[in-house]
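# A look at the structure
Letter by letter, the chains look like this.
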There are 2 protein chains.
Amino acid sequence: MNSFNLDAIDRKILRILQDRGDISHAAIAEAVGASPASCWRRIKALETAGVLVKTVSLVDPDLVGRGLNVFCQVRMKSHDPLARRNFERFVESHEEVLECYSMSGDWDYLLRVLVADVADYERLLMRGILTHEAVANSSSHFALKSVKYSTAVPV
Amino acid sequence: MNSFNLDAIDRKILRILQDRGDISHAAIAEAVGASPASCWRRIKALETAGVLVKTVSLVDPDLVGRGLNVFCQVRMKSHDPLARRNFERFVESHEEVLECYSMSGDWDYLLRVLVADVADYERLLMRGILTHEAVANSSSHFALKSVKYSTAVPV
DNA sequence: TGTGAAAATCCTCACGT
DNA sequence: ACGTGAGGATTTTCACA
């Protein structure tokens, strides 16, 4: 059990912060019914514990011409740890790959890739993923629409 | 073409803001080589245009006991728009479902669900997704590890 | 943990270029 | 459209109760 011990107020704070990262401690204090100083101390503790990782601004992909979500299932040639690390570094270095999970089941990895259009994706697939030495094959699935996208972990 | 027209400085600003949403305009100004006022005007324009959606704090799922990512492919009974909307409302109202995409191919929807453990997921699946009137069947895939998770849209 | 206050920072805008 | 400058509000931060 290496999870931070949250009480009710911590949870409230996290819920608020996950919805709006830019908000004054005073406003949080009022919302959770505590003093600003108390909130400040709690937030600082949550930060140093690593519960609060960072605060980021969210950009609308469509409005910057990155409207296409593609999910790519990848199967590796071997399960050799070196090859895996190699592939994971590849993933890490490509900003189009927003998410990557090591999976159970038929496929080794699942990637969420965000690109401008199909041609854009084709480029990444042919010149990146499929040509990677550790990759055996892959299967791509295109999102027609993003129904929901949330960054808020339930607490 | 309904995408915002970004110049080089806008892109720099977005890159910075997507990495750190809490940062002063002055610091941004210095980083991009412009005046704070100019940055402020640009950011405001990006906000009103909807490019900058919101700023949020990110929480480490593991540290709050929500360490299990599950991907759930869902097939609908019919493609009746009403049933779809109904299901999408269901998705929207469940905070464990962080992402949901309408998909091309064999499955109608792909969901990313964040839960505490398998038992937790079983509950959602049996008492939520599978029992939903619009859902025909589903297939679940478990993430063994989160290799990469980024919220930054490439700009 | 809460109150209070001090100091620093930051946002915001008017003006001139 | 950009930069300078400055007012004023807001916020962080901490000492003390």
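Residues numbered from 1 in each chain as written. Chains lettered and ligands numbered in written order. Predicted model: local features only at pLDDT ≥ 70, side-chain atom pairs only at ≥ 80, totals over all residues. Heavy atoms only, no water.

### Observations regarding the interface of chain B and chain A
The interface of chain B with chain A comprises 65 residues on the first partner and 65 residues on the second. Regarding the contact of chain B and chain A, the summed buried area is about 5,900 Å², with carbon and sulfur atoms giving 57% of it. Linking B:Glu99 and A:Arg112 is a salt bridge whose minimum nitrogen-to-oxygen distance equals 3.3 Å. For the pair chain B and chain A, the interface holds 39 residue pairs in polar contact (both at pLDDT 80 or more). Of all the secondary structure elements, the ones that give two or more residues to the side of chain B that touches chain A are α1 (8-19), β1 (52-59), β2 (68-76), α4 (81-93), β3 (97-103), β4 (109-115) and β5 (135-149) of chain B. By residue number, the principal contributor to the side of chain B that touches chain A is β5(B), which donates 9 residues. With 5 bridges connecting them, strand β3 (residues 97-103) of chain A and β5(B) associate as antiparallel partners. Of the residues in β5(B), the one forming a bridge with A:Tyr101 is B:Ser146. (Contact = heavy atoms within 4.5 Å. Buried area = accessible area lost by both parts, 1.4 Å probe. Salt bridge = Lys/Arg side-chain N within 4 Å of Asp/Glu carboxyl O. Polar contact = N/O pair within 3.5 Å; in protein donor to acceptor, adjacent residues only side chain to side chain. Helix = DSSP H or I, 4+ residues; strand = E, 2+ residues; numbered from the N terminus. Pairing = 2+ DSSP bridges.)

### Topic: the UniProt feature "domain: HTH asnC-type" (unreviewed entry) in chain A
The residues that UniProt annotates with the feature "domain: HTH asnC-type" (unreviewed entry) are residues 6-67 of chain A. Within the segment residues 6-67 of chain A, helix and strand shares are 55% and 13% respectively, and the terminal C-alpha atoms sit 37 Å apart. (UniProt positions renumbered as here; feature names shortened; annotations may be inferred.)

### So, the protein's contact with DNA strand C
In the vicinity of DNA strand C, the contacting residues are A:Ser35, A:Ala37, A:Ser38, A:Arg41, B:Ser24, B:His25, B:Ala37 and B:Trp40. Among all atoms of DNA strand C positioned within 4 Å of the protein, those belonging to sugar or phosphate total 62%. A:Ser38 places a side-chain nitrogen or oxygen 3.4 Å from a phosphate oxygen of DNA strand C. Contact distances for DNA strand C include 3.3 Å between a phosphate oxygen and a backbone N or O atom of B:His25. (Near = heavy atom within 4 Å.)

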